Amino acid sequence: MTAAHWSVGAGATDTGPRARNEDSFLSAGAVHLVADGMGGHVGGAAASAAAIEAFRELSSRTVVTPADVADAMAAAQAAVLDVGRRAGAESGTTLTGAVAVEHEGEPWWMVVNVGDSRTYQLEGTHVHQITVDHSHVQQLVDAGRITPEQAMHHPDRNIITRALGDGVAAFDAWLVPVAPGSRLIVASDGLTGAVPDELIGSVAGLADSDEEAAERLVEAALRHGTGDNVTVVVAHAPATTTPLDADPGPWPLWPLLDGEDDTTGVAARREPQE
Ligand code: MG
């Protein structure tokens, strides 16, 4: 953690019932991210590690801008493509989380997402999902064909429609106002596929620290019989607030009423759950 920076956080991970852990995370300085890799043998782990590594340099800076984050996303995309070329097979990774940025002189969380790992805002014991999954079941939910509850148990819940490594440069991003007392929770689907949002909120909301919240959420996923690697990062800003009149433009402000779907037809399938 960089003492000069205004955000702090902590992460925890567990392999779960899988043979190896293909998730990666970083919670240091301004950067709080989780990546969930996919691909045979070492490909998945290497892909998620490469995506995270593209952000490491930002974690030691005292000032990070949204443009720096966009550059790091491009570097992460290129690094994951390179992993796939070296492995001689398709590999990819999700990537989501929050970077504490300075935009027009004001502090914001910049939340980014590609794939179906999730970033939530925690207020009290309630979570609000910031990111929108790039997944087949999210498309079915958006179309009104299934409920979010049905999506958790849908046989096609592992099909994602976007991943780093698919060669598509676009990523979702929002500027989220920094508010006192609120925390951000970043998690791979090993948590969100096993533990309902209500329970994620109450477990994290009752923890005394970011570290305790991350560890308790990983434990909750294991207790709920997750079939996957579980990774959780929790972050907050101890003494920073985004002024009410701060302008996020040209970046979209979260929460937004406009939920446009920019997913592509590119699909990647994870290993089926054991
Ligand atoms: Mg996973």
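You'll find the structure just up there.
Throughout this document, residue positions are counted from 1 along each chain, in the order its sequence is written. For this predicted model, a pLDDT threshold of at least 70 governs which residues receive local features, and a threshold of 80 or more governs which side-chain atom pairs are given and counted, while totals over whole chains, interfaces and linings are taken from all residues.

A. Structural context of helix H1 (residues 43-53). Most of H1 sits inside the fold, with ten of its eleven residues counted as buried. Among the residues making up H1, those that are buried are Gly43, Gly44, Ala45, Ala46, Ala47, Ser48, Ala49, Ala50, Ala51 and Ile52. We call two residues in contact whenever the C-beta atoms placed from their backbones are within 7 Å. Runs of E in the DSSP output that reach at least two residues are strands. Runs of H or I that reach at least four are helices, and both are numbered from the N terminus. Its buried side turned inward, H1 meets strand S2 (23-28), strand S3 (31-38), helix H3 (66-87), strand S4 (92-93) and strand S5 (95-103). The burial label depends on the number of other C-beta atoms within 10 Å of a residue's C-beta. Counts of 20 or more mean buried, 12 or fewer mean exposed, and intermediate counts mean partly exposed, with C-beta atoms placed from the backbone.

B. Seen up close, the packing of H1 against H3. To get an axis, fit a line to the C-alpha atoms, keeping to the stretch in contact for a helix; angles then go from 0 to 180 degrees between the N-to-C directions. Axis separation between H1 and H3 bottoms out at 8 Å; the angle between their running directions is 155°. By the angle between their directions, the pair H1 and H3 is classed as roughly antiparallel. Where H1 crosses over H3, the handedness of that crossing is right-handed. Contacts from Gly43, Ala46, Ala47, Ala50, Ala51 and Glu53 in H1 reach Ala76, Ala79, Val80, Val83 and Ala87 in H3. Charged means Asp, Glu, Lys or Arg here, nonpolar means Ala, Val, Leu, Ile, Met, Phe, Trp, Tyr, Cys or Pro, and polar covers whatever is left, Gly included. Considering only residue class, the contact of H1 with H3 consists of nine nonpolar, one polar and one charged. Roughly parallel here means an angle under 35 degrees, roughly antiparallel means over 145, roughly perpendicular means 65 to 115, and every remaining angle is called oblique. By definition, turning the near helix anticlockwise from the far helix through less than a right angle yields a left-handed crossing, and turning it clockwise yields a right-handed one.

C. Quick peek at the environment of Val203. Here Val203 is to be found in helix H7 (residues 197-205). Val203 sits 13 residues away from Arg216 along the chain, and the two C-alpha atoms are 6.8 Å apart. If near-sequence neighbours (up to four positions away) are discounted, Val203 is found in contact with Arg216, Leu217 and Ala220.

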